[in-house]
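Listed below are the residues making up each chain.
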Amino acid sequence: MKVEVIQLKLTNEIKQLIEQSRQNVAIAVNSELTMLYWNIGRRINIEILNEKRAEYGKQIVATLSRQLTSEYGDGWSKRLLHQCLRFAEIIPDIQIVHTLCTQLSWSHIRLLISIENELKRDFYIEMSKMEHWSVRVLQERIKSMLFERTAISKKPELTIQNDLELLKNEQKISADMVFRDPYFLDFLGLQDAYSEKDLETSIIIELQKFITEFGSDFAFMGRQKRITIDNRDYYIDLLFYHRRLKCLVAIDLKIGEFEASYKGQMELYLRYLEKYEQLEGENTPIGLILCTGKNEEHIELLQLEKSNIRVADYYTILPSKKLLQEKLHKAIEIAQLKFEKNQDERMSNSINEVE
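What you see is a predicted model; the values in this text were computed from it and never measured.

Calculation rules
In this convention, every chain numbers its residues from 1, walking through the sequence in written order. The predicted nature of this model means local features are confined to residues of pLDDT at least 70 and side-chain atom pairs, given and counted, to a pLDDT of 80 or more, with totals for whole chains, interfaces and linings taken over all residues. The basis for every side-chain value is the complete set of non-hydrogen atoms in the structure, without hydrogens or water. At least two bridges found by DSSP between two strands is the condition for calling them paired. By definition, any uninterrupted DSSP run of H or I lasting at least four residues is a helix, any uninterrupted run of E lasting at least two residues is a strand, and each is numbered from the N terminus. Only heavy atoms matter for contacts: two residues are in contact if any of them lie within 4.5 Å across the pair. With axes taken as lines fitted to C-alpha atoms, and helix axes fitted only over the stretch in contact, angles between N-to-C directions fall between 0 and 180 degrees. Between 65 and 115 degrees an angle is taken as roughly perpendicular, under 35 as roughly parallel, over 145 as roughly antiparallel, and anywhere else as oblique. Note on convention: near helix rotated counterclockwise from far helix by under a right angle means a left-handed crossing. Clockwise means right-handed. Under this grouping Gly is polar, as are all residues other than the nonpolar Ala, Val, Leu, Ile, Met, Phe, Trp, Tyr, Cys and Pro and the charged Asp, Glu, Lys and Arg. Each residue's exposure class comes from its accessible area (1.4 Å probe, protein chains only) as a fraction of the maximum for that residue type: buried when under 20%, exposed when over 50%, partly exposed otherwise. Throughout, right-handed denotes a crossover for which the path from the first strand over the helix to the second runs clockwise when the strands point away from the viewer.

1. Here's the deal with the sheet that holds strand β5 (residues 286-291)
Then, in step 1: With mixed pairing, 6 strands are arranged side by side in an open sheet as β1-β6-β5-β4-β3-β2. Of all the strands in the sheet, the pair left with one neighbour each is β1 (183-184) and β2 (218-229).
Then, in step 2: Strand direction decides the pairing type here: β1 and strand β6 (residues 309-315), joined by 2 bridges, are parallel. Bridge assignment links F184 to a residue of β6, and that residue is Y315.
Then, in step 3: Against the sheet, helix α11 (residues 196-205) makes contact with β2, β3 (232-242), β4 (247-253) and β6, and its axis sits at roughly 140° relative to β2, the strand it touches most.
Then, in step 4: In this fold helix α12 (residues 207-214) packs onto β1, β2, β3, β4 and β5, with an angle of close to 65° to the strand it touches most, β3.

Here you go:
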């Protein structure tokens, strides 16, 4: 019996060594392949720039594709060579490419270089690295317009750049990059009429999918957490802890549109958590109110962010892509106009003070 245990332990250890070696080889092959594609793109780019003719670029890519396919077999299509070109164009720094190669596969990079907007592309690069997204997850995140759904997309360009740099260099993530609006809860299978209890129960049943939609750093703490204040019991629908933000997150589930009274209820929860549950070294708790409709002026006038409260829509049935795009682009546009208006007002006040 003892011999069998020793044999089993030895077999498991050797299997682990084999698996680790295979993983190391895969990473090394991917890194070398990605660097090859970048170098090919860079070399073609130099040739095209020297000639300064777009038609010459098309011609050289087509000819090169035929020659490489003849020499090395299938795989060297015009499409691949254009991807190599694009890769070298958007990331010209070889040191950045070296770092990227060790963290993301060529399949990741092909998806990322197809994104035109630089800030949006950088967001997906940093989030892929931080949350270790598979290619499939990255594809789903892009398709679901995750960037446009995060609060950060509605901030000024400089703020987005600063938050991305902070994440890239110090692995610190801002709350604006964590919280989204709207959330897609179609996986809950809720249709037509349902209650807040139905919503909560469905979330618990599909907790893993819920956390996938919210972000991998959310850790579930409990449901219907009872808190007692002045001999009265209150219940927090869902309580999570966010590892990177280092704070508790209280979630209140609502059916219907946001109402002003929800603020006072959430403030009570947060102040209680801050006083009795927050541990040393943790940040102030954040409240998230999920509802099926937001009244923007209510939210603006209530100044919820000052109370560390966020409000977001949720969908139990996915809207069409066109409708979602229109809604999100409009929200971003409104946020940018508000920022510009506030900037103008500050500038005007400053001038008046000087005069």
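2. Some details on the environment of F147
Then, in step 1: In this fold, F147 is placed in helix α8 (residues 146-149).
Then, in step 2: Along the primary structure F147 and N231 are separated by 84 residues, whereas in three dimensions their C-alpha atoms are 44 Å apart.
Then, in step 3: In this structure F147 touches L119, K120, F123, Y124, I152 and S153, once residues within four positions along its chain are discounted.

3. Brief notes about the packing of helix α6 (residues 118-131) against helix α9 (residues 157-170)
Then, in step 1: At a minimum axis separation of 10 Å, α6 and α9 run at an interaxial angle of 25°. By the angle between their axes, α6 is roughly parallel relative to α9. When you trace α6 past α9, the crossing you get is left-handed. Here L119, D122, F123, E126, M127 and M130 of α6 come into contact with α9, specifically with E157, I160, Q161, L164, L167 and K168.
Then, in step 2: Looking at side-chain class alone, the contact of α6 with α9 contains 7 nonpolar, 1 polar and 4 charged residues.

4. Considerations on the pairing of β4
Then, in step 1: Most of β4 sits inside the fold, with 7 of its 7 residues counted as buried.
Then, in step 2: With burial as the criterion, each face of β4 is covered, one bearing C247, V249, I251 and L253 and the other bearing L248, A250 and D252.
Then, in step 3: Between the antiparallel neighbours β3 and β4 lie 4 residues, among them K246 with a positive phi of about 55°.
Then, in step 4: Assessed by its sense of winding, the connection that carries the chain from β4 through helix α13 (residues 261-277) to β5 is right-handed.

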